[in-house]
Amino acid sequence: QVQLVESGGGLVQAGDFLKLACVASTRNLRDYSMAWFRQAPGKDREFVAAITWGGGTTNVDDSVKGRFTISRSNAENTLFLLMNRLRFEDTAVYYCAANRRRGTASNSASEYDYWGQGTQVTVSS
């Protein structure tokens, strides 16, 4: 069992930036590929970005490409999401997830085995 705890969310203005973090309870984060998803009120959960176990491959949704960067530190058991030039439509609860298939950077939520509780990001226009 892997526990994931997100942090770094908050209320910001459009154009600002935030950096989210997700700390995993496992000492072997390199056993997992990781991802960020988000869910806005009244909408389905959607993919944001994913990264393979060593960070060699990333997969970023077109809606945030060029603005969001996913990265990880296996030594710190932490996943990051740097969000630049935030927009009102980025408002959502952001979740991190872990996938035992560590060589993939999947955009499918059903492939992820463990999920955090989420952190709220609110962007005012």
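One can find the structure itself at the top, above this paragraph.
Nothing here was measured: the structure is a model prediction, and the numbers come from that model.

Calculation notes
Along every chain, residues carry numbers that run from 1 in the direction the sequence is written. Local features in this predicted model are restricted to residues of pLDDT 70 or higher, and side-chain atom pairs are both shown and tallied only at a pLDDT of 80 or more, whereas totals for entire chains, interfaces and linings draw on every residue. The basis for every side-chain value is the complete set of non-hydrogen atoms in the structure, without hydrogens or water. By definition, disulfides here are pairs of cysteine sulfur atoms that lie within 2.5 Å. The secondary structure listing takes helices from DSSP runs of H or I that are at least 4 residues long and strands from runs of E that are at least 2 residues long, numbered from the N terminus. Classification of residues uses two cut-offs on accessible area relative to the type maximum, computed with a 1.4 Å probe and protein chains only: under 20% is buried, over 50% is exposed, and between them is partly exposed. Cavities and pockets are defined on a 1 Å grid built over the protein atoms alone: a cavity is a set of grid points where a 1.4 Å probe fits but cannot escape, while a pocket is an open set with protein on both sides within 12 Å along at least five of seven lines, and lining residues are those with an atom within 4 Å of any such point. Grid points are joined across faces, edges and corners, and a volume is the space filled by probe spheres set on the points. Under the scheme applied here, ten amino acids are nonpolar (Ala, Val, Leu, Ile, Met, Phe, Trp, Tyr, Cys and Pro), four are charged (Asp, Glu, Lys and Arg), and all others, including Gly, are polar. A carboxyl oxygen of Asp or Glu within 4 Å of a side-chain nitrogen of Lys or Arg is what we treat as a salt bridge. Working definition of a nonpolar core: buried Ala, Val, Leu, Ile, Met, Phe, Trp, Tyr and Cys residues. They are joined through side-chain atoms within 4.5 Å. Definition of a polar contact: a pair of N or O atoms within 3.5 Å, with one able to donate and the other able to accept a hydrogen when the atoms are protein atoms, and with sequence-neighbouring residues admitted only if both atoms are side-chain atoms. For this analysis, residues touch if any pair of their heavy atoms sits within 4.5 Å. Pairing between strands is defined by DSSP: at least two bridges between them are needed. In this description, a line fitted to the C-alpha atoms serves as the axis of each element, helices being fitted only across the stretch in contact, and the angle between N-to-C directions of two axes falls anywhere from 0 to 180 degrees.

For the structure shown, the criterion picks out 1 disulfide. Residue pairing for Cys22: its cysteine sulfur links by disulfide to Cys96, the two sulfurs lying 2.0 Å apart. Disulfide Cys22 to Cys96: torsion about the S-S bond roughly 50°, handedness right-handed. Taken together, the residues span a long stretch of sequence, with Cys22 in strand E3 (residues 18-24) and Cys96 in strand E9 (residues 92-99) at a distance of 74 residues. Looking at Cys22, the relative accessible area reads 1%, which means it is buried.

Empty space within the largest pocket amounts to approximately 190 Å³. Lining the largest pocket, in full, are Arg38, Ala40, Pro41, Lys43, Asp44, Glu46, Phe88, Glu89, Thr91 and Ala92. Residues that form the lining of the largest pocket fall into these classes: 4 nonpolar, 1 polar and 5 charged.

Here the focus is the pattern of salt bridges. Under the defined criterion, the tally for this structure stands at 6 salt bridges. With a shortest N-O distance of 2.6 Å, Arg38 and Glu46 are connected by a salt bridge. The exposure class of Glu46 is partly exposed, given its relative accessible area of 37%. Note that Arg101 and Asp113 form a salt bridge whose closest N and O atoms lie 4.0 Å from each other. Taken together, the positions of Arg101 in the loop between E9 and strand E10 (114-115) and Asp113 in the loop between E9 and E10 put the pair 12 residues apart, joining distant regions of the chain. Three or more residues joined by partner-sharing salt bridges are found here, namely Arg38, Glu46, Arg67 and Asp90.

Once that is clear, we can look at the nonpolar core. Leu4, Trp36, Leu81, Met83 and Tyr94 are the most contacted members of the largest nonpolar core, which totals 30 residues. Listed by contribution, the elements that provide at least two residues to this core are E3, strand E4 (33-39), strand E5 (46-51), strand E7 (68-73), strand E8 (78-83), E9 and strand E11 (119-124). Listed in part, the 7 residues of the second largest apolar core include Phe37, Ala50, Ala97 and Ala105.

Moving on: the side chain of Asp90. Mapping Asp90 onto the fold places it in the loop between E8 and E9. A residue is classified by how much of its surface remains accessible, and Asp90, at 1% relative accessible area, is buried. Polar contacts involving the side chain of Asp90 include one to the side chain of Arg38, which spans 2.9 Å. Within the structure, Asp90 has its side chain in polar contact with the side chain of Arg67 (distance 2.8 Å). Residues within four places of Asp90 in sequence aside, it is in contact with Arg38, Val64, Arg67, Phe68, Arg85, Val121 and Val123.

Attention shifts here to the environment of Asn59. Relative to the helices and strands, Asn59 is located in strand E6 (residues 58-60). Asn59 gets classed as partly exposed once you look at its relative accessible area, which sits at 25%. On a C-alpha basis, the gap between Asn59 and Arg101 in space is 15 Å, while along the polypeptide they are 42 residues apart. When neighbours within four sequence positions are excluded, Asn59 is seen to be in contact with Phe47, Val48, Ala49, Ala50, Ala105, Ser106 and Asn107.

Moving on, we get to the sheet that holds E3. Read from one edge to the other, the open sheet built from 4 strands follows the order E1-E3-E8-E7, with strand pairing classed as antiparallel. Bordering the open sheet on either side are strand E1 (4-7) and E7, each of which pairs with just one other strand. Strand after strand, the sheet turns through a mean of 15° between neighbouring axes, direction not considered. In terms of strand pairing, E7 meets E8 through 6 bridges, oriented antiparallel. Across the sheet, the residue bridging to Thr69 is Leu82, located in E8.

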